[in-house]
Amino acid sequence: MKAFKLKAVFAAVLSSWLSLPPPASASLTPPKPINLDNNNIALDEPNNGIVKSKEWAIVLGKALFWDIQAGSDNQACASCHFSAGADSRIRNQWSPGFNQMPTEDKTFGSIVSFDGESIPGAVAGLTLSQAEHGNPNPLDATYTLLEEDFPLHHIADYKDRNSSILYSTNDVVSSNGAYDSVFSKLKKKTDVEKCKKPDANVFKAGKYAARQVEPRNTPTTVNAVFNFANFWDGRANNLFNGVDAFGPRTLHASGDPNKRLVVVDDALNAALGSVNIKNASLASQAVAPPLSQLEMSCNGKTFPDFGKKMLSTTIKPLQAQTIASNDSVFGNTPDGNIIDSSGKGLNKSYAELIQLAFEDKYWKGDKGYKISNGQLLTDKKVDKKGYYSHMAMNFSLFWGLAIQMYEATLVSDQSPFDTWFAECRPVVTNPTSVGTNVNKVPIDNPTVQCRDPVTLAVSPSIDPTALVPGFGAEEVLGFGLFNNGGVGIRDAGSPACSGCHPVTPTTANPLVFPLFSEAQFQNGQSFVPVERSRIDDRGPGTPGNPPVLGTPLPSIAASIEGAVHDRGFFNIGVMPSSFDLGNGGTDPYGQPLSLARMFLVEEAGEAVTNPSGVLTSTGVQTNRCSTATLVEAGGTPRFPGCTDNIGPPNPLLLDKSQERELVDGTFKTSHLRGVALTPPYFHNGAYSTLRQVVEFYARGGSRRDKSLAGSGNTGDTSGTGSLGKSAIPVTGADFGTNVDFFIRDVKSTDEQIDAIVAFMKTLTDERVRCDAAPFDHPELPVAAGQTASDTNKDKKADDIIATVPAVGAGGYTAAGSSDLCLPNTGDLFDPDLRNRLIE
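About the cut-offs
- Residue numbers restart at each chain and count upward from 1, following the sequence in its written direction.
- Reporting of local features is limited, given that this is a predicted model, to residues whose pLDDT is at least 70; pairs of side-chain atoms are given and counted only at 80 or more, and all residues count toward the totals for whole chains, interfaces and linings.
- Each side-chain value is derived from all of the structure's non-hydrogen atoms; neither hydrogens nor water enter the calculation.
- The helix and strand labels rest on DSSP assignments: H or I over at least four residues marks a helix, E over at least two residues marks a strand, and numbering proceeds from the N terminus.
- Whether two residues touch is decided by their heavy atoms; if any such pair falls within 4.5 Å, the residues are in contact.
- Per-residue and other accessible areas were derived by the Shrake-Rupley procedure at a 1.4 Å probe size, with only the shown protein chains allowed to occlude residues.
- Buried residues of nine kinds, namely Ala, Val, Leu, Ile, Met, Phe, Trp, Tyr and Cys, make up a nonpolar core once their side-chain atoms join them within 4.5 Å.
- Each residue gets one of three labels from its accessible area relative to the maximum for its type: buried under 20%, exposed over 50%, partly exposed in between, using a 1.4 Å probe on protein chains only.
- Orientation is described by lines fitted to C-alpha atoms, with helices fitted over the stretch in contact, and by angles between N-to-C directions that extend from 0 to 180 degrees.
- Take the far helix as the reference: if the near one is turned anticlockwise from it by less than a right angle, the crossing is left-handed, and if turned clockwise, right-handed.
- Three residue categories are used. Nonpolar comprises Ala, Val, Leu, Ile, Met, Phe, Trp, Tyr, Cys and Pro, charged comprises Asp, Glu, Lys and Arg, and polar comprises the others, including Gly.
- We call Phe, Tyr and Trp rings a pair once their centres come within 6.5 Å, taking the six-membered ring for Trp, and we label the pair stacked below 30 degrees between planes, edge-to-face above 60, and tilted otherwise.
- We call a charge positioned over a ring when the NZ of a Lys or the CZ of an Arg lies within 6 Å of the ring centre and within 35 degrees of the ring normal.
- We count a salt bridge whenever a side-chain nitrogen from Lys or Arg sits within 4 Å of a carboxyl oxygen from Asp or Glu.
- The criterion for strand pairing is that DSSP finds at least two bridges linking the strands in question.
- Roughly parallel means an angle under 35 degrees; roughly antiparallel means over 145; roughly perpendicular covers 65 to 115; every other angle is labelled oblique.
- Multiplying 1.5 Å by the residue count of a helix minus one yields the expected span of that helix.

## Concerning the overall build of the protein chain
(1) Moving on: A tally of helices and strands in the protein chain yields 17 helices and 25 strands.
(2) Moving on: Nonlocal contacts in the protein chain, meaning residues at least 24 apart in sequence, comprise 71% of its contacts between residues at least 6 apart.
(3) Moving on: Taken as a whole, the protein chain presents about 30,400 Å² of accessible surface, with 52% of it coming from carbon and sulfur.

## Digging into the nonpolar core
(1) Moving on: Ranked by size, the top nonpolar core spans 142 residues in total, and within it Ile50, Phe358, Phe395, Trp399, Phe417 and Trp420 carry the most contacts.
(2) Moving on: Not counting chain neighbours up to four residues away, the residues in contact with Phe395 comprise Leu64, Phe303, Phe306, Gly307, Met310, Leu311 and Ile354.
(3) Moving on: Ranked by size, the runner-up nonpolar core spans ten residues in total, among them Ala229, Phe521, Ala596 and Met598.

## Regarding the packing of helix 2 (residues 54–66) against helix 7 (residues 350–357)
(1) Moving on: At a closest axis distance of 8 Å, the pairing of helix 2 and helix 7 adopts a crossing angle of 145°. Taken as a pair, helix 2 and helix 7 cross one another with a handedness that is left-handed. Contact residues: Trp56, Ala57, Val59, Leu60, Ala63 and Leu64 in helix 2; Tyr350, Leu353, Ile354, Leu356 and Ala357 in helix 7.
(2) Moving on: Grouping the constituent residues of the contact of helix 2 with helix 7 by class yields eleven nonpolar, no polar and no charged.

## Considering the packing of aromatic side chains
(1) Moving on: Overall, the coordinates contain 31 aromatic pairs when judged by the stated rule.
(2) Moving on: An aromatic cluster of three or more residues is present, and its members are Phe417, Trp420, Phe421, Phe471, Phe479, Phe482, Phe516 and Phe759.
(3) Moving on: The ring centre of Trp232 lies 5.9 Å from the NZ or CZ of Lys668, which sits over that ring.

## Overview of the environment of Ile323
(1) Moving on: By the element assignment, Ile323 lies in the loop between helix 6 (303–310) and helix 7.
(2) Moving on: On the basis of relative accessible area, Ile323 is assigned to the buried category, the value being 4%.
(3) Moving on: Spatially, the C-alpha atoms of Ile323 and His777 are 7.3 Å apart, while their sequence positions differ by 454 residues.
(4) Moving on: In this structure Ile323 touches Leu318, Phe330, Ile339, Gly343, Gly345, Leu346, Pro778 and Ala806, once residues within four positions along its chain are discounted.

## Notes on the pattern of salt bridges
(1) Moving on: The tally for this structure, following the rule as stated, stands at 33 salt bridges.
(2) Moving on: Here Arg691 ties to Asp750 by a salt bridge, and the two come within 3.3 Å at their closest N and O atoms. Residue Arg691 is found in helix 14 (residues 690–698), and its partner Asp750 is found in helix 15 (residues 750–761); the two are separated by 59 residues along the sequence.
(3) Moving on: Residue Asp750 is classed as partly exposed on the basis of its relative accessible area, which comes to 34%.
(4) Moving on: Members of the salt-bridge network, linked through shared partners, are Lys159, Arg691, Glu695, Asp750 and Asp754.

## With respect to the pairing of strand 17 (residues 375–379)
(1) Moving on: Across five bridges, strand 16 (residues 368–372) lies against strand 17 in antiparallel orientation. Bridged to Ser372 within strand 17 is Gln375.
(2) Moving on: Counted between consecutive antiparallel strands, the loop separating strand 16 from strand 17 contains two residues, among which Asn373 sits at a positive phi close to 50°.

## Describing the sheet that holds strand 2 (residues 41–42)
(1) Moving on: With antiparallel pairing, three strands are arranged side by side in an open sheet as 2-1-15. Bordering the open sheet on either side are strand 2 and strand 15 (277–278), each of which pairs with just one other strand.
(2) Moving on: Of the pairings in the sheet, the one linking strand 1 (residues 34–35) to strand 2 comprises two bridges and is antiparallel in character. For Ile34, the partnering residue across the bridge sits in strand 2 and is Ala42.

## A look at the side chain of Arg767
(1) Moving on: Of note, Arg767 is situated in helix 16 (residues 766–769).
(2) Moving on: Dropping the residues within four chain positions of it, Arg767 is found in contact with Val411, Ser412, Asp413, Gln414, Ala772, Ala773, Pro774 and Phe775.

## Looking at the environment of Asn483
(1) Moving on: For Asn483, the position within the fold is in the loop between helix 11 (473–482) and strand 20 (530–535).
(2) Moving on: Look at Asn483 and you get buried, because its relative accessible area is 0%.
(3) Moving on: Considering only alpha carbons, one finds Asn483 and Val428, 55 residues apart in sequence, at a separation of 7.0 Å.

## Things to note about the packing of helix 11 against helix 15
For any two helices packed against each other, the geometry comes down to the angle between their axes and how far apart the axes lie.
(1) Moving on: At a minimum axis separation of 7 Å, helix 11 and helix 15 run at an interaxial angle of 100°. In terms of their interaxial angle, helix 11 and helix 15 are classed as roughly perpendicular. Where helix 11 approaches helix 15, its residues Glu474, Glu475, Leu477, Gly478, Phe479, Leu481 and Phe482 are matched on the opposing element by Glu751, Gln752, Asp754, Ala755, Ile756, Ala758 and Phe759.

## Section: helix 2
(1) Moving on: Between its first and last C-alpha, helix 2 extends 19 Å over 13 residues, near the 18 Å set by a 1.5 Å rise per residue.
(2) Moving on: Counting buried residues along helix 2, eleven of its 13 residues qualify, which places the element largely inside the surrounding structure.
(3) Moving on: Packing partners of the buried residues in helix 2 comprise helix 6, helix 7, helix 9 (395–407) and strand 24 (780–786).

Below you can see the structure in the form of structure tokens.
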């Protein structure tokens, strides 16, 4: 690892984060992208230097997001985000253990050991239903998931994480995308993509190549604009560089001179330029799938190639897809309704939409352009010897920002919970959080009371179960359990869902609308990118103390404090870290994705000036620069530029001056709005129902307790990176955990589990459920599985095409098709979940 590179990248990334304004008042307001190169002007404000019209940018973004012409194999962004922003398909949705360390696993089906612990009677290569019932279906693209295949980690007693493992796999349930093929060229005159024969080594249907499936489950696009960093592993940077997902890492860490934008002046003189746009993680995310060989593209295609194709005169936006006449965006542009008279596609080209949405200097050049060895070259002719039009050269900028600005409209804040929360202004108390009852298991049922609307004092006269239809006693109990001990408070004595899914950002303002994820923030709020968490781990080789019914959990003082990780990214013990490092992985330039790890390198580069005060008994570090905007309260480690005394750490104090980290196996915390609409769950899609998810949390996850599997492998498979157990399986001493302190066996009752599930179902916005504006959309054909045949002789397995019908602003209910609304059950196998997939 090259610390000097990390320092340059980290300093560049952080420099823009430390000046965000204080928290805003109550509302769900998406963070505004800020153009750092133009005096911090928000991109939806005039004269920002990049976006000419927010309205036209949203039109462009929605068209690009839903257009199946974008992908090499008729894949749109929406192809994996059509069901409440997620994916509910169950055929050809298996992916093998591509992310397993130290080497990927390309075989499907069950494993025979859980990171060193043998699974008695296990046979490799089967699904759970095959293992238990001998289902004869082949495990390829023709396979249809069954209810009996879940959960993917199956134990004898769902309430006891240490009960016998009956089945486990490193496979993932995700979304099928593109074929495994290599880009060849764009055909002359038509600009149609030509790709080589697809590979059928891993993904196949019978003997034919099948669509590949992503190695992580598809998260929802709804409310994704609030995420500080996107993708499960956080690789979509908060700062958008206009060309790829990695923000300033590309421009600073790689030294790659070929990734730049082309900018012209009023006289059309061209030069290389760049952008650095804050709060634009969705734009960073959006530019990745179009070139991904798994998701949307033949391998090897460039963004200028992609731009040239989409800007071709042979392409009309959404030309093969029906659009409802009352579409909330296309039927209501600054030019009125722009839907083609045929009812399919738009009557403006992508080039026209870009011209309307973006400033001239990014598209108006009149020559052919290419970048070679960091130099901008021009030619009088476009499309000659690798020269592209100005608009095609900058297509990544248009694509990323337009899709972000469209997705920023996809905010769901009109759920029954929102109404109840505003009317009740709840307070939660629980005897389990008081005195000698702290940490007691099972956790008692809390008391939920409402506040007086004027004084905000507790008002016993207000019945919280009678305020909103459908928000009865069970839902109120679920809310109380979700926030056990306090609304939105991290109460270490009372493990609660709100520890990672806070209901209010601050106790001072109980009326702030909840985001339900520490990975998210609203416009005007600060975001602290590095977090310190407790870990229930007493050091090398020391067995953990499993909870005993009716007795307190292990003392907080017995746990190690001060271990850092990225805010909103947690290891919750879903699977061994060796199955997928998540945020513990690296970027294309070999640097850690984790901001916490980058921070530790910076921290280790400064000398300790006062050894006696490096680490206090409370875990709060002293004699280091205080920067609450970088690391959350509870510890204030140093950061770049803190002092002029830069040098190696004191060798006598290495164990004190270098903090422990909890990074391997951490993943972004999902928000919970609309969660009952988006099964399957977790980054590996391992759980098919919301109840299975709550059962998982109630037992303290799926990690095995220490010393369970003997001295050679303790059974705790979560790892601690460089200062503890490696995530990669090792022999000999094996200790340490990355699982957050809040993931604990609390021995919840069935009543409590059911109540939490009932509460989470109240987080559903009816507009999302029935695709009403802003969630309405064009018609979308999707591949809902494949057959073991190739009727058109293209060397690809035939798709089973299902069509999601077009719907206008009123949604499916207003269109008389309420049967197409998604069921609010949190069940992947609800028979109504796939009603809108019409084959």
